[in-house]
Structure formats: structure tokens, C-alpha cells
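The residues making up each chain are set out below.
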Amino acid sequence: MTAALPAIVIQEVAPRDGLQIEPKWVGTPDKIKLIDSLSAIGFARIEVSSFVSPAAVPSLRDAAEVFAGITRRPGTVYTALIPNRRGAELALAARADELNFVMSASETHNRANMNMTHARSLASLAEISGPAHEAGALLNATVATAFGCPFEGAQPINKVLDIVSRYLALGADGITLADTTGMANPNQVSQLVARTLLLVPADKLTLHFHNTRGLGLVNVLAAHDAGARRFDAALGGLGGCPFAPGATGNVCTEDLVNLCQEMGLATGLDLRGLIDVSCRLTGLVGHDVPGQVAKAGPASDLHPLPERLRHSG
């Protein structure tokens, strides 16, 4: 008898990564309602918003108000993305359970995304670690463009691993490897995940894939086969990086949950509930969203026979 496959932990990032690139303003009450709906479904982690310059990401300028308005579900970690010490101070004041610090493997992308050199970003992380832990918050550190940069191209594995080691030395509790631009392929994913798991336990490592070139779910499976167990995803496949040309949406949450369900991988998430919430996104953002399962329905859905066959024979 085959042993049950281990569970996959799916972390929802639509309220932050999903909405940050949307041209239509999504009102604060609507953001709160979306997050509360996601909490009710039972996510272990929800990335609520980011404390970055409102001039850089105006769609998330209400981060503090959103954090203040959500109903927090016991057992769910509510995360804020932060680029520097000021962002961390604002996130801690908003009672974020986890701070998600971001620096790009590519220095060029880091300058475009964070307006900082690697040295300055790492100095910021050093300033953030102490106050975060003193406040009782977790500190996750993300390596953006870990699988490729639209300006510099592929990033060497040893360069990414060096950044991971620096993050850990500066007090990071968890690590995320982000395919910010959707440039990853399964072979590359397998190699980098296997090497990273020598430094980071599987329950502390998150993979963040975009579906820009249609490889998002394939890369999830490659990472899972290499030992990864935590993955970011965005409801409806929303999202993209404002500072990476062509970087379209994230791996779609309900598509990923459907895949896991079909393969017997437990996620603890209600697929029907996810589809219901996803179907409301079009009205929220004002356009169709990339997710497939919400349109087609789960593969387990059966349909009645055509009328002409019901009465034949």
C-alpha cells in the first residue's frame, strides 16, 4: 500500500501581490472583505498588504487601514511585505504577525524594485531583525528574481544560496525563493530547491512562482518532488511585479488546490469555497482573471446527458 503523500501548505498572496499591479482602485472595505473570506477558508498564511512607498505602489496605500479592519482567524499568520526599517515599523504598528522582507538576487532588479543596492538592503534587514523579534513577529526573507531577472538573465545558484545564507545569519525565520518574472523551468527549480533545502528546513522554505510563461504548476510539482512543501499562490491567478517587464500573474490558488486534490495531496482548503470567492474577483478588479478551474469547474464535476441521448434506446 502506498503511503499518503505529505501535505502541501498554500499561502495566499492575492491581497498583496495580486492587487499591487491592478490599475483599478480596490476600496479598503472590499480588501477587508476579501481577506476575511480567505481567512474563513482556512489559510495558514495570508499576505495582507505591503508597507512600501505609496508613490511606488499606490494600490496598497491603505495597508494600515486594511490590517486594522480584518477579522483575524486564530491560527492564521497575517503577513506584510516590507522593504526597509520604516516599512517594518509601520507593519509592526499594524500588528502584522510576520514581516516579509524582499531583496532581489539581481542587483539591477533590486535597484528598480527597491531603489537600493544589495548592501543597503542587507543593512536594512540587519536593522529589522531585532525589532521584529522583540515584538514577537516572525521574519521571512524573500530572494526575488531567484530564477532569473528580466535585465540580467539567469542568476547563478551559488549567488542565490549566498543570499539565503546571509538572510539566515541576519535572523530570518523563513526563506522564500521567488520566480518574480516567471522565468523558471522545472530542471532549474529542482536543482535550486534541493540545494536550498540543505540550508533551510522544508517547513521554513516557501516557493513563489508566477505563471508568466505557463510553467507555474509544473514548477510547483518539480519543487514538491525536490522536497519543498510551502507555496505561495494568488486567488484567480492575479498579480505581477510592477517593476519587472512582462511579469504577469501568480500561480492560481484554486488551480493549484484542484491539482493537489486530483493527486491526493492534502491542502486543508475547500476548493468549492475558493471557486466561490474567485468568481467574485472580476467584479472587484474590473476584468477577467487568468484562473482556469473557476471557469471549468473541478474535474470531478459531472454533467447531465444531452437531451437527445436521454430518451434514445
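Rules of the game
- Residues numbered from 1 in each chain as written.
- Predicted model: local features only at pLDDT ≥ 70, side-chain atom pairs only at ≥ 80, totals over all residues.
- Heavy atoms only, no water.
- UniProt positions renumbered as here; feature names shortened; annotations may be inferred.
- Helix = DSSP H or I, 4+ residues; strand = E, 2+ residues; numbered from the N terminus.
- Contact = heavy atoms within 4.5 Å.
- Buried < 20%, exposed > 50% of the residue type's maximum accessible area, 1.4 Å probe, protein only.
- Pairing = 2+ DSSP bridges.
- Core = buried A, V, L, I, M, F, W, Y, C linked by side-chain atoms within 4.5 Å.
- Salt bridge = Lys/Arg side-chain N within 4 Å of Asp/Glu carboxyl O.
- Phe/Tyr/Trp six-rings, centres within 6.5 Å; stacked < 30°, edge-to-face > 60°.
- Lys NZ or Arg CZ within 6 Å of the ring centre and 35° of its normal.

The name recorded for the protein in an unreviewed UniProt entry is Hydroxymethylglutaryl-CoA lyase, from Bradyrhizobium vignae. Under Sequence similarities (unreviewed entry), UniProt gives the following word-for-word description of the protein: "Belongs to the HMG-CoA lyase family."

Peer 1: In this structure, what is going on with the environment of Gly-227? I would like to understand it.
Peer 2: If you trace the backbone, Gly-227 turns up in the loop between α9 (216–225) and β8 (230–233). Those residues in contact with Gly-227 that lie beyond four places of it in its chain are Leu-197 and Ala-202.

Peer 1: Looking at this structure, how should I read the pairing of strand β2 (residues 45–50)?
Peer 2: Of all the six residues making up β2, six are buried; the element is thus mostly covered by neighbouring parts of the structure. Strand direction decides the pairing type here: β2 and strand β3 (residues 77–82), joined by five bridges, are parallel. When the sheet's bridge partners are listed, Ser-49 is paired in β3 with Ala-80.

Peer 1: I'm lost on the nonpolar core in this one. Help?
Peer 2: Most often, soluble globular proteins keep nonpolar side chains buried together rather than apart. Tyr-167, Leu-177, Leu-207 and Phe-209 are the most contacted members of the largest nonpolar core, which totals 81 residues. Not counting the four nearest positions on each side in its chain, Leu-177 is found in contact with Val-143, Ala-146, Phe-147, Val-160, Val-164, Leu-192, Thr-196, Leu-205, Thr-206, Leu-207 and His-208. Leu-81, Val-102, Met-116 and Ala-144 belong to the second-largest nonpolar core, a separate cluster that totals five residues.

Peer 1: Help me understand the pattern of salt bridges, please; the structure alone is not making it clear to me.
Peer 2: For side chains of opposite charge, pairing can occur when their charged atoms come near one another. One pass over the full model with this rule turns up 12 salt bridges. Linking Arg-16 and Asp-17 is a salt bridge whose minimum nitrogen-to-oxygen distance equals 3.9 Å. You'll find Arg-16 and Asp-17 in the same group, each marked buried. One salt-bridge network, in which partners are shared between bridges, spans Arg-16, Asp-17 and Glu-47.

Peer 1: Help me understand the packing of aromatic side chains in this model?
Peer 2: For any pair of aromatic rings, the description rests on two quantities: the centre-to-centre distance and the angle between the ring planes. This model, assessed by the stated rule, comprises three aromatic pairs. When the ring of Phe-101 is compared with that of Tyr-167, the centres are 6.0 Å apart and the planes differ by 90°; the resulting orientation is edge-to-face. Highlighted residues: Phe-101 in strand β4 (residues 98–104) and Tyr-167 in helix α7 (residues 157–169), separated in sequence by 66 residues. Taking the relative accessible area as the measure of exposure, Phe-101 reaches 0% and is therefore buried. Here Tyr-167 falls in the buried class, since its relative accessible area comes to 0%. Here Lys-31 stacks its cationic end above the ring of Trp-25, 3.9 Å away from the centre of that ring.

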